[in-house]
Amino acid sequence: SRFRSWEEAIDLLIYRNAPLQELCELGSEFLENPVFIHDDWFIIIGMSHNALPLMHPDSDTTPRKVFVPKSYTESFKHDSDYTQTYSYPDAQLWRNPDGTPATLYVNLWDGSHYCGRLLINELQTALKPSQAQTAVYLAEFVLMILRRDARESRHSYRDFEETFVDLANRQEVSQGDLGTVLDILGWRENDDYICMRVRNQDS
């Protein structure tokens with residue numbers, strides 16, 4: 001009965017085109033733990049209110065973009081155990097070596113495209129084995145909202161391409177945006193770069 005009520009609440013949320021933030025709040029209420037979602041650039045695109053004290057997210061100078069802390073992402077870059085987690089199609093449990101709360105996660109794959117990850121932190125109550133399937137179910141709705149937002153061009157935080165275009169046109173760009181792009185790609189500001197534009201050849 002409890003699961004059915006939650007399912008109906010999700011259906012209503014999808015019907016009224018609610019944002020990912022509301023889905024995270026609904027997931028957190030049901031799972032009794034913080035829920036958040038990051039995209040393939042480690043930008044947090046949805047987070048229940050009780051996840052904020054745990055994440056301490058980094059913010060750049062553009063308020064609409066909030067990133068998973070660099071201290072987390074830097075430690076993951078060269079961790080073979082972590083990089084292996086991208087290949088898992090179902091829900092998995094990640095136990096942090098430093099003893100911080102465990103995380104139940106689901107990779108968000110839309111076909112062959114990696115969209116990010118749904119995560120549930122074991123902060124308030126112990127994670128249960130049955131919640132793995134619940135997390136997979138919730139991830140299906142996350143993908144549904146991501147597809148909808150992509151169609152409606154509502155992902156205004158995805159402006160990295162615009163940053164490159166502005167640089168190529170010698171326009172001023174946000175230093176926060178530029179620094180974030182360089183950090184994620186592992187580039188340095190004083191490196192030598194070659195810019196090119198690729199387009200389809202007319203048949």
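A few points on the structure. (Residues numbered from 1 in each chain as written. Predicted model: local features only at pLDDT ≥ 70, side-chain atom pairs only at ≥ 80, totals over all residues. Heavy atoms only, no water.)

### Quick word on the side chain of histidine 38
Tracing the backbone shows histidine 38 in strand β1 (residues 35-39). The residues touching histidine 38, leaving out its near neighbours within four places in the chain, are Ile43, Ile44, Ile45, Val68, Tyr114, Cys115, Gly116, Arg117 and Leu119. (Helix = DSSP H or I, 4+ residues; strand = E, 2+ residues; numbered from the N terminus. Contact = heavy atoms within 4.5 Å.)

### Considerations on unusual backbone geometry
The phi angle at phenylalanine 42 is positive, at roughly 65°, despite the residue not being glycine. In this structure, phenylalanine 42 sits in the loop between β1 and β2 (44-47). For phenylalanine 42, a relative accessible area of 18% puts it in the buried group. Backbone geometry at arginine 170 places phi at a positive 60°, although glycine is not the residue there. With respect to the helices and strands, arginine 170 occurs in the loop between α7 (160-168) and α8 (175-185). (Buried < 20%, exposed > 50% of the residue type's maximum accessible area, 1.4 Å probe, protein only.)

### Things to note about the environment of isoleucine 45
Inspection of the secondary structure puts isoleucine 45 in strand β2. Of the residues examined, isoleucine 45 reaches a relative accessible area of 14% and is grouped as buried. Measuring from C-alpha to C-alpha, the distance between isoleucine 45 and glutamine 21 comes to 7.6 Å, with 24 residues separating the pair along the chain.

### Points about the pattern of salt bridges
Scanning the entire structure with this criterion turns up 5 salt bridges. Between arginine 4 and glutamate 7 there is a salt bridge, and its shortest N-O distance comes to 2.6 Å. Separated by 3 residues within a single helix, arginine 4 and glutamate 7 lie in helix α1 (residues 2-15), roughly one turn from each other. Judged by its relative accessible area of 46%, arginine 4 is partly exposed. Across the salt bridge formed by arginine 4 and glutamate 8, the nearest N and O atoms sit 3.4 Å from each other. (Salt bridge = Lys/Arg side-chain N within 4 Å of Asp/Glu carboxyl O.)

Read these as layout, nothing more, since geometry by itself doesn't imply function.
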